[in-house]
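Here is what each chain is made of, one letter per residue.
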Amino acid sequence: MDPECARLLPALCAVLADPRQPVADDTCLEKLLDWFKAVTEAGSSLLLLQEHPCLVELLFHALRAQDLSPRTLSFALRLAGVFAAQENCFQHLQGDPSLFVASAAGQLLVHILDLAMREPAEGRVCPQAWDWPVCARKIVCHLEDCLRSDAAPRVTQALHVLTTTFGHCHGLWTQGLWVQLSPLVACLLEKDPMPAPHTLVDLLLSVARSSVPSSDPGLWETVAQTLSRLSPTQAGPLAAGILKLQDCPQALRIQAFNVLLQPLACVLEAATQAPATPGLLEGAAGDLMAVDTLPPSKSACVGLLCSALAHLELLQPLPQRPSPWPQAPLLAAAVTILRFCNGSAAPSSEAGGRLCTMLVGCVRVQRAALDFLGVLSQGLGPQELVTQVFAVLLEYLMSPDSSPMVLKKAFQATLRWLLSSAMPPGCCDLEPCAQLVLGELLAMLQKRLCSPCWEVRDSGLEFLTQVTRHWGGQASFRQVLLASELPELTRQLLQDPESYVRASAVAAVGQLSSWGLLAAPSSPEQPAIPQETPLEALLLILTTDSEGFPRRAVMRVFTEWLRDGHAEVAEDPERFVAQVLRAAGKDGDWEVRVQGLELALVFLERLLGPRGSSAAAPPSVTARALRALCQVQLFEFAFRSLFDCDRPVAQKSCDLLLFLRATATPPGSPQEAGDRPNVASVEAALRRWRAGEQGQPLGELAPEAILAVLRSMDLEALRDTLAKSSDHVERSPQSLLQDMLATVGVLGDNEADCY
Amino acid sequence: MEQRNGFMGHFQYCLSGHPTLPCNVLKFKSTTIMLDCGLDMTSTLNFLPLPLVQSPRLSSLPGWSLKDGNAFLDKELKECSGHVFVDSVPEFCLPETELIDLSTVDVILISNYHCMMALPYITEHTGFTGTVYATEPTVQIGRLLMEELVNFIERVPKAQSASLWKNKDIQRLLPSPLKDAVEVSTWRRCYTMQEVNSALSKIQLVGYSQKIELFGAVQVTPLSSGYALGSSNWIIQSHYEKVSYVSGSSLLTTHPQPMDQASLKNSDVLILTGLTQIPTANPDGMVGEFCSNLALTVRNGGNVLVPCYPSGVIYDLLECLYQYIDSAGLSSIPFYFISPVANSSLEFSQIFAEWLCHNKQTKVYLPEPPFPHAELIQTNKLKHYPSIHGDFSNDFRQPCVVFTGHPSLRFGDVVHFMELWGKSSLNTVIFTEPDFSYLEALAPYQPLAMKCVYCPIDTRLNFIQVSKLLKEVQPLHVVCPEQYTQPPPAQSHRMDLMVDCQPPAMSYRRAEVLALPFKRRYEKIEIMPELADSLVPMEIKPGISLATVSAVLRTKDNKHVLQPPPRPTQPTGGKKRKRASDDIPDCKVLKPLLSGSIPVDQFVQTLEKHGFSDIKVEDTAKGHIVLLQEAETLIQIEEDSTHIICDDDEVLRVRLRDLVLKFLQKF
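This part takes up the interface of chain A and chain B. Taken together, the contact between chain A and chain B spans 22 residues of the former and 22 residues of the latter. Contact with chain B buries surface across chain A, with Pro400, Lys447 and Cys450 of chain A losing the most and accounting together for 29% of the total. For the interface between chain A and chain B, the tally reads one salt bridge. When the shortest N-O distance is used, the salt bridge between lysine 447 of chain A and glutamate 289 of chain B registers 2.7 Å. Here chain A and chain B share seven residue pairs in polar contact (both at pLDDT 80 or more) between them. Breaking the side of chain A that touches chain B down by element, the ones donating at least two residues are α17 (350-359), α21 (432-449) and α24 (486-492) of chain A. The residue makeup of the side of chain A that touches chain B, split by class, is eleven nonpolar, seven polar and four charged.

Next up, the structure:
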């Protein structure tokens, strides 16, 4: 701890201990705690406490004081926990009504338990309970009492402590602890209703992830029993947790997977007229498969379906996901859910009818099912089902009733399916299924781009951009797209009143133009007026749009165009870069300026070769490059950016100049000592810029002068300074302590004023 | 004071089978109230369109002949693309006029301007002498709708009036849908403007929440229903019975005042009509669809035709377009609104400030016009004309958007545009009114190249909203058209598309009479002050007092009053005495009324005190039996009666009776 902080600490402790002083907010206390953590990690906390008795006083005071705010008490407990993590010198307390205090006390108990058990446990596989230190025995006794209690809050509290224990403590003693406590946990399972089921699930998962299972296979039995005792909604998180475990018995995995599949199986069953399609749950769990097992209330049923879909969605990409993965029935289930939601599926029974009534128009389920369907695109499916997938997605995309959010999800899922089934290997065009939907898809998109709802226009444009990015070169796609109104509509949306839509239109125009899909339109009304080119249109947005989003989008498109050699850009790249940098340099939005530097970097790489290749460019290349850079006034832009008030801009510029210096003036390159160019005027300008006087232009610069300035600048030092956050002074612990005291001090002044 | 009322039934006579164009007659507390008189215009779909300008296509349609080649109907029926149409002045299907004598109707309550279109038929041709109640916007806009209708039909005089085909024997031979058309004999031609004026003169204007007394028996109150300017639901109530009549209502935020739901609470019966006709179409989605299709068509150089009524959803559509056209780059596209009442409709909408939603009301104080179509007109983006003739033909510029009637496509300026634009696939007709099947409306224009888009915008309650409403207001019984008690035939699996309530709704169909289920059967009776003064109440329980009263019940104008009985006049003369005995009801000396209960244990003790011995008590299902074995007597004590059964020993009986009476209160 630095001396200044040490000096301030006693005053702060006094403030904290004084209930009349309205201490700073939670954030300050959090920051203070972070600082103490850092300090204790750096040195002995015992020493810290010895050197700063005010801390010990504060902790003692916190234990005794009745009128301390829960906020401060919680802070004191957590501080104690921080110290206890190193030293065994504290007693426990628990049961405060304040949530903060209870949680902090719980954490403190865990720390103490961990500390107490570490030593005796050393060298022994699994110490018996009578070997435990008094302190640990006390704590465990307390936890046992809680677990036996009929008061739900006490049980919950104990479960929380145990969950934290098994989550954070990895000593072998935890195995002994489980042996000791597992009968009590098993008793909880027998109770009706089961107390604190969610917390119990957390505990079991925490134990399952610890080293306990290796020593106690009985755990799996408890877990299996819990899984079957919990309601479907409660069992979901446990099942998902089990399936994410690296090692667990296959039978349990099957049981857990069935829990997640059950709701979907019910949906499938509700819509199946004849059992022709394979079910999701075969064999043992088959007899459970009845729509009647779904909760009767709409909110519970919707909640169950959504959580099952979300769990399965997360599980799908994991390597440890269940195998075989029932891709086809899952696809069928997702399609059926979506059909129930839009009212197009006919239920096969009365119970199915009830399900249908609950799901019709339910946006929550629609969103979850569309997300899930999107994830399923990573696997294949029978052709017939894939056709159904596209059919249902089209229904959603075309339906006027789809909410903007549902529509966005439908677009995303459609894109995933289109791309996954796009091109069979060895084939040069789109897959027949995708070709089939293409026409309808683009016709629908046309209408969506005319929607009065801006969110719909926006997600429509995003979809168009993505599809074009992937399929811009596909003959069938190009054909359908060029025959549609889409290119013209997209161009018109550059003038959309909503800035997000303009930004998306910019991106779409960028993509379409890259692929040559933005042919000059024939305007039937005004055939005489030639329309501006995409480049001109986007430049106009960059220089005139009042909102940042469209201008940022333009910069991204321009950067991409320059990188990919867009035809219009390639005609005269220098002129293009000069125009763009001039506009970006004046932009008030720092992200536009950063993007300008990115574009400058791409330009540099085009001239000097890619970054990262350590080889310096040959002198002739360098000379030519420098001339080009001077011509486009890249240096003026870069140097100004170096002193930009927004740190990311300055950092980016610093990187760019460092790259340029490394490539253009490699170490050991001869310096023309005798013929040093006059850089005084440049340096004078830079000094003024640094001082905030940005008005002065740099004027004409010779390449030699640039090199000289680059050599003379301490860019590395600048980079280091910039690497520290701009508020690094304000964020120091000293500043924090001063601020906290100042807050109180100011209040003190006010009191004085009153007299 | 309450009186049990067991003598009066309440009935509903259902004169219309159309759930959104209802016409019901309620017999309630000796009043006869007609609830709405909607006119079913779907009958006009069987007729050929009335072209405003001579249409070579329509006039050259071939006549229809029977399978055997008999062509006697070819003047009346024409064939077009496989459909057969009646070539005559269009006719409307009236509400039932035979089910109940409509001259007995006391009042007609109108809930919105769409539900009054049959009014002239009722008020002018049935002997109706009552009063019609409606709000001012309902009357004014209703007048516009009627005026437009009359104008559309009268300005294209048709010499021919077909009637042969209506003959039952001939109708059977016709192809569908003519063959299946119902009650064709009762179909009537449109009324005249004179009849409209006469009908409207019978209307008395009312304001929301205004209480209107009908013959002292019933009070009716209009409530805002949120569906259209001035649209109302009605409360019909007596002192102890309440009927809510819910007609076209909306919970969406459009231009009218929001719906008043709270006042519908505590109804014995809630009659539910006028729900959305397109329960699967969400109005917001449809407006989006409307705008998108409009923009796509116009951008391609095509024209857009919107068949519509001159009031209602058109205001909201114009408002949406006002916000949309600039963003969609349509600022240069002209919008035309063509109707004989276009001007009045646009102006009326701006002056009914008090009937508008809060947002629009506040605009008036700024002061700004509540609807933005004023600005569209000012900037020349929206132009309105009474007809395609005259100024319109000079101003007409394409591509454009035309709003015009009639949504049935059988008469009005819309017929001209269908003929004009139907041949080009660049043009689009967008159906926004939900009253007519768009496929049937289009049938006489087939084959048609123009695009057809169906975006029905129906802001009336959907079934989810109904379910919430019923949970909120909790009526004891719901009465609704039979169509609402089962899923739509085309979507029989959609159990969510029906009224779901407990007890299940009572359903009705055209020409049915329903007995309404009322549980409370009481009447309020007033007691004259001098009679009240003479009462001597006796407290039988804390807070409850009883008094006997002898009085004369006088009933007049459905009000019941208890008056003191006339004093028996002294016998002074033979004549007078005779008269008095005729008039005055017998005032016998009444036995006192008894109340209270007999505590058996104490009763037994009292019996013993009075010398009875050998007493045995038995418990029975209803009370006790006290056996006086010695006296061979049995006292049966039940909750509401006590019997003393003894062998002809009157002295003993009287003694026992007096002992029993000691435990009871007399008054």
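Next comes the rest of the write-up.
Below, the discussion takes up the side chain of serine 88 of chain B. All names here are of chain B. With respect to the helices and strands, the residue serine 88 is situated in the loop between β6 (83-86) and β7 (91-92). Given the relative accessible area of 0%, serine 88 is considered buried. Here the side chain of serine 88 touches alanine 162 through a polar contact of 3.0 Å, landing on its backbone nitrogen. In this structure serine 88 touches Phe47, Lys158, Gln160, Ser161 and Ala162, once residues within four positions along its chain are discounted.

Residues and elements named next belong to chain B. All told, the structure shown has 31 aromatic pairs over all chains when counted by the stated rule. Ring geometry for phenylalanine 603 against phenylalanine 663: centres 5.9 Å apart, planes inclined by 80°, an arrangement best described as edge-to-face. Placement of the pair is phenylalanine 603 in helix α17 (residues 600-609) and phenylalanine 663 in the loop between α18 (650-662) and β36 (665-666), with a sequence separation of 60 residues. Within the aromatic cluster, the residues linked to one another by ring pairs are Tyr336, Tyr385, Phe392, Phe396, Phe417 and Trp421. Over the aromatic face of phenylalanine 371 sits the side chain of lysine 360, whose NZ or CZ is 4.8 Å from the ring centroid.

This part takes up the sheet that holds strand β32 (residues 615-619) of chain B. Residue and element names in this part refer to chain B. Within the open sheet, the four strands sit side by side as β32-β33-β34-β35. Their pairing is antiparallel. Each end of this open sheet is capped by a strand with a single partner; those strands are β32 and β35 (642-645). Across the sheet, the axes of successive neighbouring strands diverge by a mean angle of 15°, strand direction being ignored. Sheet topology places β32 next to strand β33 (residues 623-628); five bridges connect them, and they run antiparallel. Paired with valine 617 across the strands is valine 626, a residue of β33. Running at roughly 165° to β32, α17 makes contact with β32, β33 and β34 (633-638) of the sheet. Contacting β33, β34 and β35, α18 crosses the sheet at an angle of about 155° to β35.

So, about the packing of helix α31 (residues 619-631) of chain A against helix α35 (residues 703-712) of chain A. Residues and elements named next belong to chain A. Relative to each other, α31 and α35 sit at 95°, their axes nearing to 9 Å. By the angle class used here, α31 and α35 are roughly perpendicular. Counting all contacts with α31, which are made through Leu626, Arg627 and Cys630, the residues of α35 involved are Pro703, Ile706 and Leu707. Counted by class, the contact of α31 with α35 contains five nonpolar, no polar and one charged residues.

All names here are of chain A. One way to put it is that helix α13 (residues 232-244) packs onto helix α14 (residues 250-271) with a least axis distance of 8 Å and a crossing angle of 135°. Taken together, the axes of α13 and α14 are oblique relative to one another. The two elements α13 and α14 cross, and the hand of that crossing is left-handed. Residues Ala235, Gly236, Ala239, Ala240, Ile242 and Leu243 of α13 pack against Leu252, Arg253, Ala256, Phe257, Val259 and Leu260 of α14. Taken together, the residues that form the contact of α13 with α14 break down as ten nonpolar, one polar and one charged.

Quick look at the sheet that holds strand β13 (residues 218-224) of chain B now. Residue and element names in this part refer to chain B. Taken together, the seven strands give an open sheet; going across it, the order is β12-β13-β14-β15-β16-β23-β24, and neighbouring strands pair in mixed fashion. Only two strands of the sheet have a single neighbouring strand rather than two, namely β12 (212-214) and β24 (506-508). Taking each pair of neighbouring strands and ignoring which way they run, the sheet shows an average axis angle of 20°. Note: strand β15 (residues 242-246) against strand β16 (residues 269-272), four bridges, orientation parallel. Note that in β16 the partner of tyrosine 245 across the bridge is isoleucine 271.

Now for the confidence of the model for chain A. Residues and elements named next belong to chain A. Of the residues in chain A, 84% reach a pLDDT of 70 or more, and the chain-wide mean stands at 82. With pLDDT under 50 throughout, residues 87-92 is counted as low confidence; its partners more than four residues away or in other chains account for 15 contacts. This stretch, residues 283-288, has a pLDDT under 50; its non-local contacts, to residues over four places away or in other chains, come to four contacts.

Our focus in this paragraph is empty space enclosed by the protein. Residues and elements named next belong to chain B. A full pass over the atoms with the stated rule returns four cavities of 30 Å³ or more. Looking at the largest cavity, its volume works out to about 210 Å³. Taken together, 21 residues line the largest cavity, and the ones lying closest to its centre are His114, Tyr227, Gly312, Val313 and Glu433. Of the residues contributing to the lining of the largest cavity, the split by class is eight nonpolar, eight polar and five charged. Its volume calculated, the second largest cavity comes out at about 140 Å³. Together, 14 residues line the second largest cavity, and Met41, Met117, Tyr309, His406 and Asp435 are the ones closest to its centre. A breakdown of the residues in the lining of the second largest cavity according to their chemical character gives eight nonpolar, four polar and two charged.

Another point: the environment of glycine 230 of chain B. All names here are of chain B. Here glycine 230 is to be found in the loop between β13 and β14 (232-237). By relative accessible area, which is 0% here, glycine 230 ends up buried. Separated by 23 residues in sequence, glycine 230 and glycine 207 place their C-alpha atoms 8.7 Å apart. Setting aside residues no more than four positions away along its own chain, glycine 230 makes contact with Ser111, Thr135, Pro137, Thr138, Tyr208 and Trp355.

On to helix α18 (residues 363-376) of chain A, then. Residue and element names in this part refer to chain A. Spanning 14 residues, α18 covers 20 Å between terminal C-alpha atoms, matching the ideal 20 Å at 1.5 Å per step. α18 sits mainly inside the fold: ten of its 14 residues count as buried. What α18 keeps buried is the set Val365, Gln366, Ala368, Ala369, Leu370, Phe372, Leu373, Gly374, Val375 and Leu376. Its buried side turned inward, α18 meets α14, α15 (298-315), α16 (327-341), α17, α19 (383-398) and α20 (404-420).

To continue, consider the confidence of the model for chain B. Residue and element names in this part refer to chain B. Residues with a pLDDT of 70 or more make up 94% of chain B, whose mean pLDDT is 89. Within chain B, no element has a lower average pLDDT than helix α16 (residues 574-583), which sits at 46, and none a higher one than strand β17 (residues 304-307), at 98. A low-confidence stretch, residues 2-7 (pLDDT under 50), is modelled with 15 contacts involving residues beyond four sequence positions or located in other chains. Across residues 574-584, confidence stays below pLDDT 50; counting only partners more than four residues off in sequence or on other chains, it has five contacts.

Calculation notes
Residue numbers here run from 1 along each chain, matching the order of that chain's written sequence. Each chain takes a letter, starting from A, and each ligand takes a number, starting from 1, following the order in which they are written. It should be noted that, the model being predicted, local features are given only for residues of pLDDT at least 70 and side-chain atom pairs only at 80 or more, the latter also being counted only at that level, while totals for whole chains, interfaces and linings use all residues. Hydrogens are left out, water is left out, and the side-chain values use all remaining heavy atoms of the structure. A contact between two residues is defined here by any heavy atoms of the two lying within 4.5 Å. Put simply, buried area is how much 1.4 Å-probe accessible surface two parts lose in total, over both of them, once they are put together. Whenever a carboxyl oxygen of Asp or Glu lies within 4 Å of a side-chain nitrogen of Lys or Arg, that contact is scored as a salt bridge. Side-chain atoms alone can form a polar contact between residues adjacent in sequence; in general such a contact is a pair of N or O atoms within 3.5 Å, and within protein one must be able to donate a hydrogen while the other accepts it. Numbering of helices and strands runs from the N terminus, with a helix taken as a DSSP run of H or I at least four residues long and a strand as a DSSP run of E at least two residues long. Amino acids are sorted into nonpolar (Ala, Val, Leu, Ile, Met, Phe, Trp, Tyr, Cys and Pro), charged (Asp, Glu, Lys and Arg) and polar (every other residue, Gly among them). Relative accessibility under 20% of the residue-type maximum defines a buried residue, over 50% an exposed one, and the middle range a partly exposed one, all with a 1.4 Å probe and only protein chains included. Only Phe, Tyr and Trp rings take part, Trp by its six-membered ring, and two of them pair if their centres are within 6.5 Å. Stacked means planes under 30 degrees apart, edge-to-face means over 60, and tilted covers everything else. Charge-over-ring contacts are defined here by two conditions on Lys NZ or Arg CZ: a distance within 6 Å of the ring centre and an angle within 35 degrees of the ring normal. Here the rule is simple: two strands pair whenever DSSP picks up at least two bridges between them. Note on geometry: axes are C-alpha line fits, over the in-contact stretch for helices, and angles between N-to-C directions span 0 to 180 degrees. Put simply, angles under 35 degrees are roughly parallel, angles over 145 are roughly antiparallel, angles from 65 to 115 are roughly perpendicular, and the rest are oblique. Handedness of a helix crossing follows the sense of rotation of the near helix relative to the far helix, less than a right angle counterclockwise being left-handed and clockwise being right-handed. Summary of the metric used: pLDDT quantifies the predictor's per-residue confidence within the range 0 to 100. A pocket, in this scheme, is an open set of points on a 1 Å grid over the protein atoms alone with protein on both sides within 12 Å along at least 5 of 7 lines, while a cavity is a set where a 1.4 Å probe fits but cannot get out; residues line either one if an atom lies within 4 Å of a point. Grid points are joined across faces, edges and corners, and a volume is the space filled by probe spheres set on the points. Expected helix span is computed as 1.5 Å times (number of residues minus one).

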